[in-house]
Amino acid sequence: MENQINGEFCRDLRQRKGLNQGKFWSAVHVTQSCGSRYETGRDIPEPVATLVRLVHVEGIDLAGVTGKDVAVAKQLKEANPKLYKELAKDAAKAAKAAQ
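Only a predicted model underlies this, so the values are computations on that prediction, with no experimental measurement involved. (Residues numbered from 1 in each chain as written. Predicted model: local features only at pLDDT ≥ 70, side-chain atom pairs only at ≥ 80, totals over all residues. Heavy atoms only, no water.)

## Some thoughts on the overall build of the protein
Item 1. Counting its secondary structure elements, the protein contains six helices and zero strands.
Item 2. Helices (α) and strands (β) of the protein occur, in sequence order from the N terminus, as α-α-α-α-α-α.
Item 3. Here the protein holds 99 residues, and 21% of them are scored as buried.
Item 4. Accessible area of the protein: about 7100 Å², with a carbon and sulfur share of 53%. (Helix = DSSP H or I, 4+ residues; strand = E, 2+ residues; numbered from the N terminus. Buried < 20%, exposed > 50% of the residue type's maximum accessible area, 1.4 Å probe, protein only. Areas by Shrake-Rupley, 256 points an atom, 1.4 Å probe, with all protein chains shown as cover.)

## Details of the UniProt feature "domain: RsaL-like HTH" (unreviewed entry) in the protein
Item 1. In the numbering used here, UniProt assigns the feature "domain: RsaL-like HTH" (unreviewed entry) to residues 11-55.
Item 2. Secondary structure over residues 11-55 splits into 67% helix and 0% strand, and the C-alpha atoms at its two ends are 15 Å apart. (UniProt positions renumbered as here; feature names shortened; annotations may be inferred.)

## Side note on the side chain of Q21
Item 1. Its location among the elements puts Q21 in helix α2 (residues 21-26).
Item 2. Its relative accessible area of 17% is what places Q21 among the buried residues.

## Focus: the pattern of salt bridges
Item 1. Within this structure, the stated rule accounts for two salt bridges.
Item 2. Between R14 and E39 there is a salt bridge whose closest N-O contact spans 2.8 Å. Linking R14 in helix α1 (residues 7-16) with E39 in helix α3 (residues 32-39), this pair joins segments that are 25 residues apart in sequence. Across this residue pair, the class does not change: R14 and E39 are buried.
Item 3. Residues R53 and E58 are paired through a salt bridge, measuring 4.0 Å at the closest nitrogen-oxygen approach. (Salt bridge = Lys/Arg side-chain N within 4 Å of Asp/Glu carboxyl O.)

## Regarding the domain arrangement of the protein
Item 1. Per the domain assignment, the segments of the protein are domain 1 (7-57) and domain 2 (67-98).
Item 2. Measuring from the centre of the C-alpha atoms in domain 1 to the corresponding centre in domain 2 gives 26 Å. (Domains from an automatic or database assignment.)

## Focus: a nonpolar patch on the surface
Item 1. On the surface, I60, V65 and V70 cluster together into a nonpolar patch covering about 210 Å² of accessible area.
Item 2. Relative to the elements of secondary structure, V70 occurs in helix α5 (residues 67-79). (Patch = residues over 30% accessible without salt bridge, like charges linked within 9 Å, V, L, I, M, F, W, Y side chains within 5 Å.)

## Quick look at the nonpolar core
Item 1. The biggest cluster of nonpolar side chains holds 14 residues, and the ones touching the most others in it are C10, W25, V30, Y38, I44, V48 and V52.
Item 2. Contributing elements (two or more residues each) for this core: α1, α2, α3 and α4 (46-57).
Item 3. Element by element, the count of residues in this core is highest for α4, at four residues.
Item 4. The residues contacting W25, other than those within four sequence positions of it, are C10, V30, T31, G35, S36, Y38, E39, I44, V48 and V52. (Core = buried A, V, L, I, M, F, W, Y, C linked by side-chain atoms within 4.5 Å. Contact = heavy atoms within 4.5 Å.)

## Remarks on the packing of aromatic side chains
Aromatic ring pairs are described here by two measures, namely the spacing of the ring centres and the angle between the planes.
Item 1. In this structure the tally under the stated criterion is two aromatic pairs.
Item 2. For the ring pair F24 and W25, a centre distance of 5.0 Å and an interplane angle of 80° mean the geometry is edge-to-face. For the pair formed by F24 and W25, the shared burial category is buried.
Item 3. Taken together, the ring pairs connect F24, W25 and Y38 into an aromatic cluster. (Phe/Tyr/Trp six-rings, centres within 6.5 Å; stacked < 30°, edge-to-face > 60°.)

Shown next, in the form of structure tokens:
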């Protein structure tokens, strides 16, 4: 999906969420001025596109995620893919219900 995240996508997403540039871009640790440049055509680097997807599309609060969390999820996915899929479904339902 990162290749679909461009300036136009970000601007539209930001406006749909009712956020100003400062709030939207600071959530992914990008300055408002740099975010403005992305929204007006500058290429968005892959790491920034990934952060936009995680924070603004997937709804992940980066402040609460640690490297250990990621390692545990990766281990679970590899060791027990069926359980991982079930937990992922449950988490998606819970996130949808919370909206």
